[in-house]
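Take a look at the letters that make up each chain.
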Amino acid sequence: MRSAQTATGAGHNGENTIGTETTATAATRSRPRRRRLAMAVTGAAAALALSIGSAAGLSAAAAGHARTVAAGTTQSAIPFIGQPTDPSQGGSSGQGSSQGGYSGGTTPGGGSQSPDTGQGGDGSSQQEASPAGAKESTGVVLIDTQLGYENAETAGTGMVLSKDGLVLTNNHVIADSTKISVTVATTGKTYEASVVGSDSTQDVAVLKLKDAADLQTATIDDDSVSVGDDVTAVGNSEGGGVLQAADGSITDLGASVTTTAQGTEDSETLDDMIQVQADIVSGDSGGALLDDEGEVVGMNTAASSGSAVVTGYAIPIESALTTAESIINGQQTATNTLGYPAFLGIGVQQDSQSSQSGQSGQGGQSNSSSQTAGAVVAGVYEDTPAAEAGLTAGDTITKIGSTQVTDGNSLSEAIAEHKPGDTVSVTWTGTDGQTHTAEVTLTEGPAA
């Protein structure tokens, strides 16, 4: 079976404090093949978000509305003008530290292999995953994303909900993406996709494929599931671009999984999950958990790591569809983002002297050395509203409109109140101590 590797990798959502946790079992969230891996997990059983990825240059987190600069990096896919605050911290993913990068991850299109059969300490065994058949592949798609502000790529899986191209997947599969392509597994046809909306607390996202028609949809189960039922997890395993099917069985219903924040990946708790013993690995995120009739009962989301026998977790399809339907119907909630967030285009320094790269103003704290209360700009992305306004590294943003900004978090919150296309005033104190104000029109940022 493919190895489910212990990951300590950089993920997304850089607005939150980075931390690590020791868990009895490590696990991986069935994430995109994010060419940067995902996070450690704690809970009834520990798990990691299965995400594979690679990043070159700027390895940073996409906060919904502002980013902090990844220290020790020199380039980004979108030019970033600014000086990382502390070259001794951070770094591009793949550096194998507990705060950034990952250990045991895989590169695009590949992955390490372990012996064909895993065996646990209790003598239990697990079947090796194999190429998915035509029926298992029906309605399942391969997702590849580009994270332009992080100079990274990711990959995962999704399920077709409608003939005209609505696709269900995990939020973590598309978070921070600036470009998404979706390939229908059964036909090989690739479509450009946009984000209809996402909900990070439920780990659900809905995409819309451009110019799609007459697609085969996934068949949703109309029965209940029980412990002991046979299931098959189908996904873009290890981001290899070919669907794999992993047979197993349901071992628990109503399981809870809490991920441990690592790198730039946020901690997250998901409840009422379907727990399965099946060879689910990185890249399977957003894929279909099928019952013995070939109908979808869940969406692959997490799996254990570091042990021969893999424990997987899937969001029950009813729960995922409830969230998806609210997004499709345009219902704004306290936890979802419809479409794309507003974007200013800066990096914000943190008190710790590390940083994360910036969308509109989220994630990060004011620099403790600053004499002015506010969010200290670590750098500005070229061709963004911030650059056009004349903001530069070292400036301190003090107001968005009439809202006082005290640190990076309050800047994020202020920007989050707006939509792309909104015009707002930005007030800042320059490095020369002078106060400046400019009107900016917020643009569309990476997916939330």
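Predicted, not measured: the structure shown is a model, and the values here were computed from it.

Student: Just give me the short version of the overall build of the protein chain, but keep the residues and values in it.
Tutor: The helix and strand inventory of the protein chain stands at five helices and 29 strands. Looking at the protein chain residue by residue over its 448 residues, the buried ones come to 58%. For the protein chain, the share of sequence-separated contacts (at least 6 apart) that also reach a separation of at least 24 residues comes to 68%. Total accessible area on the protein chain stands at roughly 16,100 Å², and carbon and sulfur atoms take up 44% of it.

Student: Would you mind going over the pairing of strand β25 (residues 396-400) in detail, with residue names and values included?
Tutor: Taking burial as the measure, the five residues of β25 include four buried ones, the bulk of the element. Taken together, the two bridges between strand β24 (residues 375-381) and β25 define a ladder with antiparallel strand orientation. Following the sheet pairing, V376 is matched in β25 by T396. Summarising the sheet, β25 and strand β27 (residues 423-429) pair through four bridges and their orientation is antiparallel. Pairing of T396 across the sheet is with T429, part of β27. Bridge analysis of β25 against strand β26 (residues 403-404) gives two bridges, and the strand direction is antiparallel. Note that in β26 the partner of K399 across the bridge is Q404. The hairpin turn running from β25 into β26, its antiparallel successor, is two residues long, and G401 in that turn takes a positive phi close to 65°.

Student: Now, about empty space enclosed by the protein: what can you tell me, with residues and values included?
Tutor: Enumeration over the complete set of coordinates arrives at one cavity of 30 Å³ or more. By volume, the largest cavity is sized at about 40 Å³. Around the largest cavity, the lining residues are T138, G139, V160, V184, T186, L215 and Q216. Tallied by class, the residues present in the lining of the largest cavity amount to three nonpolar, four polar and no charged.

Student: Tell me about the packing of aromatic side chains, and please be specific about residues and values.
Tutor: For the coordinates displayed, the defined rule picks out two aromatic pairs. A centroid spacing of 4.8 Å and a plane angle of 50° characterise the contact between Y149 and F343, whose relative ring orientation is tilted. Taken together, the residues span a long stretch of sequence, with Y149 in the loop between β8 (140-147) and β9 (152-160) and F343 in strand β21 (residues 342-343) at a distance of 194 residues. Taking relative accessible area as the criterion, F343 reaches 0% and is therefore assigned buried. Considering the side-chain rings of Y149 and Y381, the 4.9 Å spacing of their centres and the 90° angle between planes classify their relative orientation as edge-to-face. Placement of Y149 in the loop between β8 and β9 and of Y381 in strand β24 is noted, with a sequence separation of 232 residues between them. We classify Y149 as buried; its relative accessible area is 10%. Among the aromatic side chains, those forming a connected cluster through ring pairs are Y149, F343 and Y381.

Student: Before we move on, can you summarise the nonpolar core with the specific residues and values?
Tutor: One broad rule of soluble globular proteins: the nonpolar side chains tend to lie buried together. Among the nonpolar cores identified, the biggest contains 28 residues, and M159, L168, V204, V234, V296 and M299 are the most heavily contacted of them. By residue number, the principal contributor to this core is helix α3 (residues 317-328), which donates five residues. Apart from residues no more than four positions distant in its own chain, V204 is found in contact with L168, T169, N170, N171, S198, D199, M299, I315, A320, T323, A324 and I327. Of all hydrophobic cores here, the second largest spans 22 residues; its members include A375, I397, L411 and V440.

Student: Hey, could you go over the side chain of T183 for me, with residue numbers and the actual values?
Tutor: Structurally, T183 is set in strand β11 (residues 179-184). Exposure remark for T183: the relative accessible area of 17% places this residue in the buried category. At a separation of 2.7 Å, a polar atom in the side chain of T183 contacts the side chain of T190. The residues touching T183, leaving out its near neighbours within four places in the chain, are V141, L142, G188, K189 and T190.

Student: Please provide a residue-by-residue account of the side chain of N336, values included.
Tutor: With respect to the helices, strands and loops of the structure, N336 is situated in strand β20 (residues 336-338). Assessed through its relative accessible area of 7%, N336 is described here as buried. What N336 contacts, discounting residues up to four positions off in sequence, is S198, D199, I327 and Q331.

Student: Break down α3 for me, citing the residues and quoting the values.
Tutor: Three or four residues apart is the spacing at which side chains of an α-helix point the same way, because the helix has 3.6 residues per turn. The terminal C-alpha atoms of α3, which comprises twelve residues, lie 16 Å apart, in line with the 16 Å expected from a rise of 1.5 Å per residue. The set of residues buried in α3 consists of I317, A320, L321, T323, A324, S326 and I327. In the segment just after α3, G330 is the residue with positive phi, at about 75°.

Student: Got a sec to walk through helix α5 (residues 408-416)? Specific residues and values, please.
Tutor: Of the residues making up α5, those classed as buried are G408, S410, L411, S412, A414 and I415. Those residues of α5 that are buried lie in contact with β21, β22 (346-349), β24, β25 and β26. Near the N-terminus of α5, the side chain that reaches the backbone nitrogen of N409, with its oxygen 3.2 Å away, is that of D407.

Student: Tell me about a negative patch on the surface, and name the residues and values.
Tutor: On the surface, a cluster of negative charge is contributed by D222, D223, D230, D247, D292 and E293. Inspection of the secondary structure puts D223 in the loop between β13 (204-209) and β14 (230-235). Residue D223 is classed as partly exposed on the basis of its relative accessible area, which comes to 41%.

Student: Explain the environment of Q244 residue by residue, including any values.
Tutor: As for its position among the elements, Q244 is in strand β15 (residues 244-260). Exposure remark for Q244: the relative accessible area of 18% places this residue in the buried category. A sequence separation of 107 residues divides Q244 from S137, and the C-alpha atoms of the two residues are 8.8 Å apart.

Student: Tell me about the pairing of β8, and name the residues and values.
Tutor: Counting buried residues in β8 gives six out of eight residues, a clear majority hidden from the surface. Here eight bridges tie β8 to β9, and the two strands are oriented antiparallel to one another. Paired with I143 across the two strands is G156, which belongs to β9. Between β8 and β9, which pair antiparallel in sequence order, lie four residues; one of them, N151, sits at a positive phi of approximately 50°. When β8 meets β11, the two strands line up antiparallel, connected through six bridges.

Definitions and limits used
Residues numbered from 1 in each chain as written. Predicted model: local features only at pLDDT ≥ 70, side-chain atom pairs only at ≥ 80, totals over all residues. Heavy atoms only, no water. Helix = DSSP H or I, 4+ residues; strand = E, 2+ residues; numbered from the N terminus. Buried < 20%, exposed > 50% of the residue type's maximum accessible area, 1.4 Å probe, protein only. Contact = heavy atoms within 4.5 Å. Areas by Shrake-Rupley, 256 points an atom, 1.4 Å probe, with all protein chains shown as cover. Pairing = 2+ DSSP bridges. 1 Å grid on protein atoms, 1.4 Å probe; cavity = no way out; pocket = protein on both sides within 12 Å on 5 of 7 lines; lining within 4 Å. Points joined across faces, edges and corners; volume = space filled by probe spheres on them. Nonpolar A, V, L, I, M, F, W, Y, C, P; charged D, E, K, R; others polar. Phe/Tyr/Trp six-rings, centres within 6.5 Å; stacked < 30°, edge-to-face > 60°. Core = buried A, V, L, I, M, F, W, Y, C linked by side-chain atoms within 4.5 Å. Polar contact = N/O pair within 3.5 Å; in protein donor to acceptor, adjacent residues only side chain to side chain. Expected span 1.5 Å × (residues − 1). Patch = residues over 30% accessible without salt bridge, like charges linked within 9 Å, V, L, I, M, F, W, Y side chains within 5 Å. Salt bridge = Lys/Arg side-chain N within 4 Å of Asp/Glu carboxyl O. Lys, Arg positive; Asp, Glu negative; His and termini not counted. Charge placed at Lys NZ, Arg CZ, Asp CG, Glu CD.

Remember that the coordinates give geometry; whether it matters functionally is a separate question.
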